[in-house]
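An overview of the molecular structure
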Amino acid sequence: MTDGRERPDLTETERNAMHEVEVGVEWMLRAQGHLLAFHHAIGHGMDHLDAAEQPLRDAGYPALADHIRDDLLSRGVTADDRWTYTVVEEFQRSFLPALTEFENEARETITDGRRHVAERAQEKTWRERANR
């Protein structure tokens, strides 16, 4: 049941626990965004190194150009040589589904599927205090 209303029979402990679960999930989704930003930033930096290769060669620095080509552009960013897109894909494929499944299970078990029960209780309190 996800009708958007607060579930009145929840204890404060249940409400707080569910709030922590939801905020934890939100932070994990933010982390996914940071992973994507990292992936894009690495790609952008690699594009600049790629653009530097030929000018270095033209300027008489073939060893530096070769280093970019052979040692930097062709490698991953982790000790086991993984590229950033594989890190993003692994996070999305392995961790996020487990996280989503847990959040759904907790929500169904504790709040009958209702989301943001702590915020709804806070909203109710603040509106009552403001006589709205």
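Everything below is about the structure shown above.
On a predicted model such as this, the values are computed, not experimentally measured, just so you know. (Residues numbered from 1 in each chain as written. Predicted model: local features only at pLDDT ≥ 70, side-chain atom pairs only at ≥ 80, totals over all residues. Heavy atoms only, no water.)

1. Let's talk about the overall build of the chain
Broken down by element type, the chain carries 4 helices and 0 strands. Listing the helices and strands of the chain from first to last along the sequence gives α-α-α-α. Its C-alpha atoms give the chain principal-axis dimensions of roughly 75 × 35 × 20 Å. For the chain, with 132 residues in total, the buried portion stands at 20%. Counting every atom, the chain has about 9300 Å² of accessible surface; 55% of that belongs to carbon and sulfur. Placing the 17 positive and 27 negative side-chain charges of the chain at their respective mean positions leaves the two points 8 Å apart. (Helix = DSSP H or I, 4+ residues; strand = E, 2+ residues; numbered from the N terminus. Buried < 20%, exposed > 50% of the residue type's maximum accessible area, 1.4 Å probe, protein only. Areas by Shrake-Rupley, 256 points an atom, 1.4 Å probe, with all protein chains shown as cover. Lys, Arg positive; Asp, Glu negative; His and termini not counted. Charge placed at Lys NZ, Arg CZ, Asp CG, Glu CD.)

2. Observations regarding the pattern of salt bridges
Overall, the coordinates contain 9 salt bridges when judged by the stated rule. The partner of Asp 70 in a salt bridge is Arg 69, with the nearest N and O atoms 2.7 Å apart. Classification of Asp 70 as partly exposed rests on a relative accessible area of 39%. Judged by relative accessible area, Arg 69 falls into the partly exposed class, the value being 38%. (Salt bridge = Lys/Arg side-chain N within 4 Å of Asp/Glu carboxyl O.)

3. Considerations on the nonpolar core
Judged by nonpolar contacts, Leu 10, Met 18, Val 21, Ala 106 and Val 117 together constitute the single largest core of 5 residues. Setting aside chain neighbours within four positions, we find Met 18 in contact with Glu 103, Ala 106, Arg 107, Ile 110, Thr 111 and Val 117. (Core = buried A, V, L, I, M, F, W, Y, C linked by side-chain atoms within 4.5 Å. Contact = heavy atoms within 4.5 Å.)

4. Comments concerning unusual backbone geometry
The backbone phi angle of Asp 81 is positive, close to 65°, even though this residue is not glycine. Relative to the helices and strands, Asp 81 is located in the loop between α2 (62-72) and α3 (84-111). Of note, the phi angle at Asp 112 is positive, near 55°, even though the residue is not glycine. When you line up the elements, Asp 112 lands in the loop between α3 and α4 (117-129).

These results come straight from atomic positions and should not be treated as a statement about function.
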